[in-house]
Amino acid sequence: MSKTILVTGGAGYVGSHCVLEFLQHNYNVIVVDNLVNAVKLENQEMPESLIRVERLANKKLEKYLTGDLKDQQFIDEIFANNHIDIVVHFAALKSVGESVAKPLEYYENNVSGTINLLKSMRKSKVTKLIFSSSATVYGDPEVLPLVETLPTGQTCTNPYGRSKHMVEVVLKDLCKSSPEWSVMSLRYFNPVGAHSSGDIGEDPQEIPNNLMPFVTQVAVGMRPELKIFGGDYNTPDGTGVRDYIHIEDLSNGHLKALEQITTELWKDFHPINLGTGRGYSVLEVISTFESANGVKIPYKIVDRRPGDVTELYADAKLANEKLGWTATRDMYDMCASAWKWQSKNPKGYKRD
Ligand code: NAD
Ligand code: WQD
């Protein structure tokens, strides 16, 4: 019998790619999303990302529900009315800058929202969870590569990062409280790129904070130039270095996690990095984008962005050993797919 997966935040960037992967591998999927960062067009029943996911998979979701994790009764009802085997929890607010201005909203949404979800899960005896964590929990690290055994939370630079760390603390304590729980906390590095069809991708509803969507919006003519935040870092070319991971590698990592989480091996709390293990500088990203796509990216080097760190990249061995997963796509693939999505959909999911 196919398992049923509840996916929170499944209309978003990472969620939509993972839902597609799950449908293509014969899982039943129920999505809940409050649409704070997803587009639902007039007269449509579902967010546009999920309409396209169903088309690509040639398969329907079991259910789509618009609703909010902050609403305990709504979440309780989902579990009361549906058989759910595993929860994959993407729903969160994720803008670092906004989190500094609105810490209470971030803690309420990301931490309290997760606690609501966990309470409903416990009530219905659903004890398998895959959580979207982030490399941000490592803060400003003293050693690289970042390995899962390093301390977390101590040097987080913003409320968003701390909210992810706090959820990990809650999850660890929950697993200690009862041996029934199996929790994988997948610490993503920098997800970029789009599905190979170019039909789903990253569609920020505000000015992009992240590098790749900014680059594609410059390439498509929406913005005149990219501002590179800092050219004086202690890196080979002076610009910041990150471990970018192709979104299709990331969704494949979630598939492996789903396949494994029901085995006894995964009882308790397990943090796992999902990264490539290789860092690229901002200038390397730009030059790969230009050569992969034949598009020029005008840029200007400006001051460093507050809170940014010099360099981050993963030790990706644990995911390989435990999940049999490894990233296979390189920066060229990431840039080519990001541009395919943006050039096919210059306004993202909106029609005008
Ligand atoms: P996203 O904003 O595209 O997707 C999140 C989805 O969750 C959105 O569709 C939003 O409408 C929904 N949502 C938010 N709060 C909700 C709530 N209270 N109830 C119901 N739905 C809610 O973001 P993403 O890039 O797809 O990120 C997915 C997850 O991965 C997040 O938890 C994020 O923190 C984490 N993550 C993202 C990155 C990244 O760079 N994209 C890196 C590391 C970790
Ligand atoms: C990458 C590099 C910037 C934009 C953030 C969050 C992290 C995680 C992933 C969720 C850096 C530079 C960027 C621009 C630039 N999210 N840059 N000009 O900061 O590594 O991580 O997203 O968990 O928590 O902090 O990603 O894409 O913003 O930046 O020069 O317009 O690009 O300085 O070196 P970051 P990013």
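In this numbering scheme, every chain counts its residues from 1 along its sequence in written order. Labels follow written order: the first chain is A, the first ligand is 1, and so on. Owing to the predicted nature of the model, reporting of local features is limited to residues with pLDDT of at least 70; listing and counting of side-chain atom pairs is limited to 80 or more, with chain, interface and lining totals taken over all residues. Just so you know, side-chain values use all the structure's heavy atoms and leave hydrogens and water out.

Undergrad: What should I look at first to understand the pattern of salt bridges in this one?
TA: Note on pairing: side chains with opposite charge can pair once their charged atoms come close. Basic side-chain nitrogens of Lys or Arg form a salt bridge, by our definition, when they fall within 4 Å of a carboxyl oxygen of Asp or Glu. Summed over all chains, the structure comprises 17 salt bridges. For K102, the salt bridge goes to E98, with nearest N and O atoms at 3.9 Å. Only protein chains enter the area calculation, which uses a 1.4 Å probe; residues under 20% of their type maximum are buried, those over 50% are exposed, and those in between are partly exposed. On the accessibility criterion, K102 (39% relative accessible area) is partly exposed. A relative accessible area of 34% means that E98 is categorised as partly exposed. A salt bridge links K317 to D315, with the shortest nitrogen-to-oxygen separation between them at 3.2 Å.

Undergrad: Explanation requested: helix α11 (residues 331–344) in the structure shown.
TA: Each α-helix turn comprises 3.6 residues. Residues three or four places apart therefore point the same way. In this model α11 runs 20 Å from its N-terminal to its C-terminal C-alpha over 14 residues, within 8% of the 20 Å that 1.5 Å per residue would give. Where α11 is concerned, the buried positions are M331, M334, C335, S337, A338, W339, W341 and Q342. Whether two residues are in contact is decided by their heavy atoms: any pair within 4.5 Å suffices. In this description a helix means any DSSP run of H or I spanning at least four residues, a strand means any run of E spanning at least two, and both kinds are numbered starting from the N terminus. Its buried side turned inward, α11 meets α2 (48–57), β7 (190–192), α7 (211–219), β10 (244–246), β12 (280–281) and α9 (282–293). Expected helix span is taken as 1.5 Å per residue step, with the number of steps being one fewer than the number of residues.

Undergrad: Explain the site of ligand 2 here, please?
TA: Summary of the distance rule: residues count as near a molecule or strand when at least one heavy atom falls within 4 Å of that molecule or strand. Around ligand 2 sit 18 residues, and of these S134, Y160, K227, R242 and D308 come closest. In this structure, N190 approaches ligand 2 through a side-chain N or O atom, which is 3.0 Å from an oxygen atom. Each accessible area is a Shrake-Rupley estimate made with a 1.4 Å probe; only the visible protein chains count as cover when residues are assessed. Expressed as a share of its isolated accessible area of 690 Å², the protein-covered part of ligand 2 is 88%. Per-element tally for the shell around ligand 2: the top contributor is strand β8 (residues 226–229), with four residues. Residue polarity follows a fixed list, in which Ala, Val, Leu, Ile, Met, Phe, Trp, Tyr, Cys and Pro are nonpolar, Asp, Glu, Lys and Arg are charged, and the others, Gly among them, are polar. Partitioned by chemical class, the residues of the shell around ligand 2 number eight nonpolar, six polar and four charged. In the analysis that follows, any N or O atom pair within 3.5 Å is treated as a polar contact, provided that within protein one partner can donate a hydrogen and the other can accept it, and provided that, for residues neighboring in sequence, both atoms belong to side chains.

Undergrad: Explain the side chain of S185 to me, please; I cannot follow it from the model alone.
TA: Note on placement: S185 falls in strand β6 (residues 182–188). Judged by relative accessible area, S185 falls into the buried class, the value being 0%. Leaving out residues up to four positions away in the same chain, S185 has contacts with F131, S133, E168, F269, H270, P271 and I272.

Coordinates in, geometry out; function isn't part of it.
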